[in-house]
Amino acid sequence: MTPPFLAYPLIGAVAYTFGGLATDARARVLGKDGPLGGLYAAGEISGHFFGTAPNAVSVLRALVFGRIAGREAISFLATTSPG
């Protein structure tokens, strides 16, 4: 390679929103009267980010609660009879 070289400034960032659905430690979406059967949330849509900046842990929280939500959903389906 020979000069002149071109350079562009870049900034890495993770985008997320504030607010979202209220969830519990089992990733269940919470309604007025408690957990909503069969409804789970993870990632930035979950209330874990409500009013606070995740400060570089948003991907970790999404990973952890995504796994919890998946396991809970499978357990719910395994114990719920069709119809």
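Shown above is the structure to which this text applies.
Quick caveat: nothing in here was measured; it's all calculated off a predicted structure. (Residues numbered from 1 in each chain as written. Predicted model: local features only at pLDDT ≥ 70, side-chain atom pairs only at ≥ 80, totals over all residues. Heavy atoms only, no water.)

(A) Quick look at helix 1 (residues 58-79). For helix 1, spanning 22 residues, the distance from its first C-alpha to its last is 31 Å, which sits close to the expected 32 Å at 1.5 Å a residue. Of the residues making up helix 1, those classed as buried are Ser-58, Phe-65, Ala-69 and Glu-72. Along the axis of helix 1, the buried residues cluster in a sector spanning 75 degrees; they form a single face. Of the exposed residues in helix 1, the ones pointing more than 90 degrees away from its buried face are Val-59, Leu-60, Leu-63, Arg-67, Arg-71, Ile-74 and Ala-78. Elements that come into contact with the buried residues of helix 1 comprise strand 2 (34-40). (Helix = DSSP H or I, 4+ residues; strand = E, 2+ residues; numbered from the N terminus. Expected span 1.5 Å × (residues − 1). Buried < 20%, exposed > 50% of the residue type's maximum accessible area, 1.4 Å probe, protein only. Arc of directions from axis to C-beta. Contact = heavy atoms within 4.5 Å.)

(B) Seen up close, the pairing of strand 2. Summarising the sheet, strand 1 (residues 28-31) and strand 2 pair through three bridges and their orientation is antiparallel. Looking across to strand 2, one finds that Leu-30 is bridged to Pro-35. In this antiparallel pair of consecutive strands, strand 1 and strand 2, the connection spans two residues. (Pairing = 2+ DSSP bridges.)

(C) Layout of the side chain of Asp-24. Turning to its location among the elements, Asp-24 is positioned in the segment before strand 1. A polar contact of 2.9 Å, which involves the side chain of Asp-24, links it to the backbone nitrogen of Arg-26. Here Arg-28 takes part through its side chain, which lies 2.7 Å from a polar atom of the side chain of Asp-24. (Polar contact = N/O pair within 3.5 Å; in protein donor to acceptor, adjacent residues only side chain to side chain.)

(D) Expanded view of the pattern of salt bridges. Considering all chains together, one arrives at two salt bridges under this definition. In this structure, Asp-24 engages Arg-28 in a salt bridge whose closest nitrogen and oxygen atoms are separated by 2.7 Å. According to the relative accessible area criterion, Arg-28 is partly exposed, its value standing at 22%. We note a salt bridge from Arg-26 to Glu-72, for which the minimum N-O separation is 3.0 Å. (Salt bridge = Lys/Arg side-chain N within 4 Å of Asp/Glu carboxyl O.)

(E) The arrangement of unusual backbone geometry in detail. With omega at 10 degrees, the peptide bond leading from Pro-3 into Pro-4 counts as cis. Counting through the fold element by element, Pro-4 comes out in the segment before strand 1.

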